[in-house]
Amino acid sequence: MENHSYGENVLLMEGLKVTQQSSYPAFILLFLIYIFIMVTNVGLVVLIGLERSLHEPMYLLLCNLSVNDALGATAIVPRILRDIFVADEKRFINYIECVLQAFCVHIYGTSSHNILIIMAFDRYVAICNPLRYASIMTTRMVWSLSACAWGATFFCVSILLGLTLSLSHCRAKIVNPFCDNPSLFKLSCESTAIANIYGLTFTVFVLVSSMGSVLLTYLKIGLLCLKNRSSVLNSKALQTCSTHLSVYVIMVVSGFANIVMHRFPQWSDYRTLVAILFHVVPPALNAVIYGLQIREIRHKILNKFKNKVFEWTKNFNNIPQRYGIQVVDEFSKNSLESQVRPSTSAVIATDPQKDHHKRTVQQRKASWFLVLEVKMENQSYGKNVLLLEGLQVTQESSYPAFILLLIIYIFIMVTNVGLVVLIVTEKSLHQPMYLLFCNLPINDALGATAIVPRLLSDILVADEKRFIHYTECAIQAFCAHIYGTSSHTVLIIMAFDRYVAICNPLRYSSIMTTRMVVILTLSAWGASVILVAVLLGLTIRLSRCRSFVPNPYCDNASLFKLSCEDVTINNIYGLTFSVILLVSSMGSVTLTYLRIAIVCLKSKNKALNSKALQTCGTHLSVYVIMLVSGFSIIILHRFPLLAVERKLAAILFHIFPPAINAVIYGLQTKDIRKKIFDRFHHKVTV
């Protein structure tokens with residue numbers, strides 16, 4: 001396709017990959033599903049439109065979901081059905097048609113979140129403010145919410161596609177069964193950094209606003225139901241909310257399945273199938289779930305069905321018996337690998353004149369490491385000896401880098417160890433808050449010690465002599481992951497302490513006993529050790545066929561990349577581990593601070609609110625610093641050209657939070673600050 005001219009605005013679509021034998025079954029199955037989607041969703045909209053008794057805010061907002069589901073299926077299914085019977089090399093699509101399809105695809109995905117947000121708001125008002133429901137959820141409010149949901153979607157998606165359309169395209173193949181934004185900007189040879197940044201920001205914003213609003217809504221509804229003893233209200237809330245929640249979970253699971261599949265390039269065909277299912281499964285199930293679960297809609301459907309059956313039975317009796325009705329009980333793997341890992345000469349050959357100097361330096365580094373890796377594989381350094389990349393600095397900057405890193409490490413150890421010693425030696429600080437806080441500086445000292453001494457030793461050593469024993473590498477990886485995991489678990493138990501102190505001050509001393517402090521501490525460290533031990537255990541079991549660690553320090557990913565075996569289990573556990581950790585961490589901290597904020601807003605005690613703001617502000621600052629440091633590494637993974645910056649961010653994750661956390665707590669917490677000043681003043685006086 002790249003070497004043939006089919007016209008400037010004609011593209012070649014990959015389509016759905018099916019064999020000739022399975023093309024007809026696939027067509028029939030997909031066609032039946034599409035008919036089912038259109039009948040159920042359009043039928044639901046028509047039913048609500050015709051039945052005046054269903055002209056209520058809840059059902060009118062539901063119409064948006066059915067319309068969106070019909071749009072999502074129509075955006076891709078007719079095109080896929082058409083392409084099934086067309087030869088792979090003749091699946092052409094006009095560029096404008098491809099853009100329109102991508103626009104509809106992203107409208108469907110974004111509106112799925114926005115519509116479920118406004119439906120969650122409707123349920124919140126109905127259950128938490130039933131007396132004001134009629135005055136709040138007026139016809140004007142329903143129209144405003146619908147307009148906001150669709151308007152925000154159109155605006156965000158228009159910018160997304162607008163940035164892509166501004167790029168020129170030098171390729172003509174869509175490696176996807178349907179057109180979407182990534183498929184379009186991959187046609188360009190220009191820099192897509194802006195499109196990537198906006199796409200990531202757009203996705204994060206939609207997910208956070210969607211999951212956050214739905215989570216907060218159901219938290220509030222759940223609290224109200226627990227306090228309320230009305231079985232009728234609770235039953236109705238459970239019925240309507242479970243329906244909405246089921247639809248939301250199906251949509252989120254379908255979307256996240258596509259994201260998860262991106263971690264496994266060897267499963268590209270399954271990812272393609274999952275992407276199609278995202279446009280088929282939710283639209284097929286949503287109307288059924290709402291039709292069967294909501295009593296009013298179910299009754300209307302059954303009544304209409306009974307009326308139709310009665311009419312058919314009456315007419316059937318007048319038909320002669322002879323007219324009676326009888327009821328019968330692929331791209332190849334090698335080409336992919338060549339695309340994933342191009343040769344250095346190919347990179348240099350396609351190098352544009354723009355930013356020539358910067359690219360040349362990157363190419364020389366890539367060439368050097370490629371030669372070094374090959375050399376490492378062809379030489380014998382012992383079975384358990386690895387070559388570590390270390391920190392890449394020039395010879396002129398090695399000594400300044402060494403001195404700077406050493407000073408920072410000394411500062412980290414002095415501040416964190418000093419803070420622990422201060423809390424231990426001062427009996428007035430033997431309170432649950434400060435005893436739990438001791439876990440944080442210990443973890444920070446561990447995180448810095450895990451990598452900084454090794455980096456310091458490697459800075460003054462030649463690149464080809466930075467050897468490390470496999471056992472030492474595994475220990476370093478263990479400590480690095482213990483630090484990252486414990487950063488979350490320790491801050492979770494500290495958030496729990498603040499929650500009890502502010503929301504249950506009278507029971508604080510009876511809840512936060514010494515035993516509870518020990519249990520929370522052991523839970524935080526125990527969970528981290530067990531999770532990381534399993535993570536590293538799955539990696540250590542693998543045999544090794546490589547000896548080069550292309551990273552400044554050892555971590556789990558660097559270790560399992562040394563193996564030539566299948567690492568699918570490692571990827572699945574690593575992803576599950578990360579998701580559980582992030583969700584539990586962010587979820588618990590969010591819920592804790594939401595509850596604290598509600599208590600502070602209701603309370604008129606200025607002293608309580610001031611103390612809550614001071615202690616919670618300190619904890620939240622530390623948590624945000626840790627999250628930003630961690631997410632910066634994840635974001636830089638989207639830009640392979642920024643590999644050096646990503647490695648630097650990984651080092652900073654072990655340096656920046658440990659250097660800042662002790663300072664923040666030391667200066668912001670009044671009791672600790674007072675003790676530090678008292679000791680300093682006493683030393684000066686002596």
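Residues numbered from 1 in each chain as written. Predicted model: local features only at pLDDT ≥ 70, side-chain atom pairs only at ≥ 80, totals over all residues. Heavy atoms only, no water.

Draft legend 1. How the structure looks around the state of the cysteines. One pass over the structure, following the stated rule, counts four disulfides. Between the sulfur of Cys473 and that of Cys554 lies a disulfide, 1.9 Å long from S to S. Looking along the S-S bond of the Cys473-Cys554 disulfide, the torsion reads about -110°, which is the left-handed sense. Here Cys473, found in helix α18 (residues 470-503), pairs with Cys554, found in the loop between β6 (548-549) and α21 (556-560); they are 81 residues apart in sequence, far enough to count as distant. Taking the relative accessible area as the measure of exposure, Cys473 reaches 0% and is therefore buried. (Disulfide = S-S within 2.5 Å. Helix = DSSP H or I, 4+ residues; strand = E, 2+ residues; numbered from the N terminus. Buried < 20%, exposed > 50% of the residue type's maximum accessible area, 1.4 Å probe, protein only.)

Draft legend 2. Geometry of the pattern of salt bridges. With the rule as written, the count across this model stands at ten salt bridges. Measuring nitrogen to oxygen at the nearest pair gives 3.2 Å for the salt bridge that ties Asp83 to Arg79. You can see Asp83 and its partner Arg79 sitting in helix α2 (residues 57-84), four residues apart, about one turn around the helix. As far as the burial class goes, Asp83 and Arg79 line up, both buried. Between Lys647 and Glu389 there is a salt bridge, and its shortest N-O distance comes to 2.9 Å. On the criterion of sequence distance, the pair formed by Lys647 in helix α24 (residues 643-653) and Glu389 in the loop between β4 (385-388) and α15 (398-425) is long-range, its members being 258 residues apart. (Salt bridge = Lys/Arg side-chain N within 4 Å of Asp/Glu carboxyl O.)

Draft legend 3. Spatial organisation of the sheet that holds strand β5 (residues 467-469). Pairing in this open sheet of three strands is mixed, and the strands run β5-β4-β6 from one edge to the other. Each edge of the open sheet carries a strand with a single partner, namely β5 and β6. One ladder, built from two bridges, connects β4 with β6; its direction is parallel. Pairing of Leu387 across the sheet is with Phe548, part of β6. This element, α18, spans β4 and β5 of the sheet and lies at about 80° to β5. (Pairing = 2+ DSSP bridges. Contact = heavy atoms within 4.5 Å. Axes fitted to C-alpha atoms, helices over the stretch in contact; angles between N-to-C directions.)

Draft legend 4. Broad picture of the nonpolar core. Within the largest apolar cluster, 63 residues are counted, with the highest numbers of intra-cluster contacts made by Phe437, Leu440, Val452, Met494 and Met512. The biggest single contributor to this core is α18, with eleven residues. If sequence neighbours within four positions are ignored, Leu440 has contacts with Val490, Leu491, Met494, Val622, Asn661 and Tyr665. Core analysis: the next-biggest nonpolar cluster, separate from the first, contains 62 residues, Leu47, Val99, Ile118 and Ile250 among them. (Core = buried A, V, L, I, M, F, W, Y, C linked by side-chain atoms within 4.5 Å.)

Draft legend 5. Here's a closer look at the side chain of Asn551. With respect to the element layout, Asn551 can be found in the loop between β6 and α21. Setting aside its immediate chain neighbours within four residues, Asn551 contacts Leu388, Glu389, Gly390, Ser558, Arg646 and Lys647.

Draft legend 6. Just helix α17 (residues 439-459), in detail. Here α17 spans 30 Å end to end across 21 residues, near enough to the 30 Å set by a 1.5 Å rise per residue. Approximately 30° is the largest bend angle found in α17, and it occurs at Thr449, with the proline Pro453 only one to four residues beyond. Buried residues dominate α17, accounting for 16 of its 21 residues. (Expected span 1.5 Å × (residues − 1). Bend = angle between axes of the 7 residues up to and from the residue.)

Draft legend 7. Examining the pairing of β4 more closely. With three bridges connecting them, β4 and β5 associate as antiparallel partners. Across the sheet, Leu387 pairs through a bridge with Phe467, a residue of β5.

Draft legend 8. A look at the pairing of strand β1 (residues 10-13). As defined by bridge partners, β1 adjoins strand β2 (residues 92-94) across three bridges and the pair is classed as antiparallel. By the bridge assignment, Leu12 is partnered in β2 with Phe92.

Draft legend 9. Quick look at the confidence of the model for the protein chain. When the pLDDT values of the protein chain are averaged, the result is 80; 82% of them are 70 or greater. Contacts of residues 1-5 to residues separated by more than four positions or lying in other chains number ten contacts, the stretch itself having pLDDT below 50. When the criterion is pLDDT under 50, residues 319-380 qualifies, and its contacts beyond four places in sequence or with other chains add up to 42 contacts. (pLDDT = per-residue confidence, 0-100.)

Draft legend 10. Structural view of the environment of Tyr470. Considering the arrangement of structural elements, one finds Tyr470 in helix α18. In sequence terms Tyr470 and Cys554 are 84 residues apart; their C-alpha atoms lie 9.6 Å from each other. Non-local contacts of Tyr470, meaning those with residues more than four positions away in its chain, are made with Asn384, Leu386, Thr539, Ile540, Arg544, Leu559 and Leu562.

Draft legend 11. View of the packing of α18 against helix α20 (residues 514-540). Orientation of α18 relative to α20, taken along the N-to-C sense of each, is 145°, at an axis distance of 8 Å. The hand of the α18/α20 crossing is right-handed. Where α18 abuts α20, its residues Tyr470, Ala474, Ala477, Phe478, His481, Ile482, Thr485, Ser486, Thr489, Val490, Ile493 and Phe496 lie against Leu520, Thr521, Ala524, Trp525, Ser528, Val529, Val532, Ala533, Leu535, Leu536, Thr539 and Ile540. (Left-handed = near helix turned anticlockwise from the far one by under 90°.)

Draft legend 12. The packing of aromatic side chains, seen in detail. Overall, the coordinates contain eight aromatic pairs when judged by the stated rule. Consider the rings of Tyr24 and Phe85, whose centres lie 4.9 Å apart with planes at 50°: the pair is tilted. You can see Tyr24 sitting in helix α1 (residues 23-50) and its partner Phe85 sitting in the loop between α2 and β2, a full 61 residues away along the chain. Ring centres of Phe27 and Phe85 lie 4.9 Å apart, and the angle between their planes is 50°; this geometry places the pair in the tilted category. Here Phe27 is found in helix α1, whereas its partner Phe85 is found in the loop between α2 and β2, with 58 residues between them in sequence. By relative accessible area, Phe27 is classed as partly exposed at 25%. Using a relative accessible area of 40% as the deciding quantity, one classes Phe85 as partly exposed. Chaining the aromatic ring pairs together yields one cluster made of Tyr24, Phe27, Phe31 and Phe85. (Phe/Tyr/Trp six-rings, centres within 6.5 Å; stacked < 30°, edge-to-face > 60°.)

Draft legend 13. Here's a closer look at the packing of α15 against α17. Relative to each other, α15 and α17 sit at 160°, their axes nearing to 10 Å. Taken together, the axes of α15 and α17 lie roughly antiparallel to each other. For the element pair α15 and α17, the recorded crossing hand is left-handed. Of the residues in α17, those touching α15 at Ser398, Ala401, Phe402, Leu405, Leu406, Tyr409, Ile412, Met413, Asn416 and Val420 are Pro441, Ile442, Asp444, Ala445, Ala448, Thr449, Val452, Pro453, Leu455, Leu456 and Ile459. (Parallel < 35°, antiparallel > 145°, perpendicular 65-115°, else oblique.)

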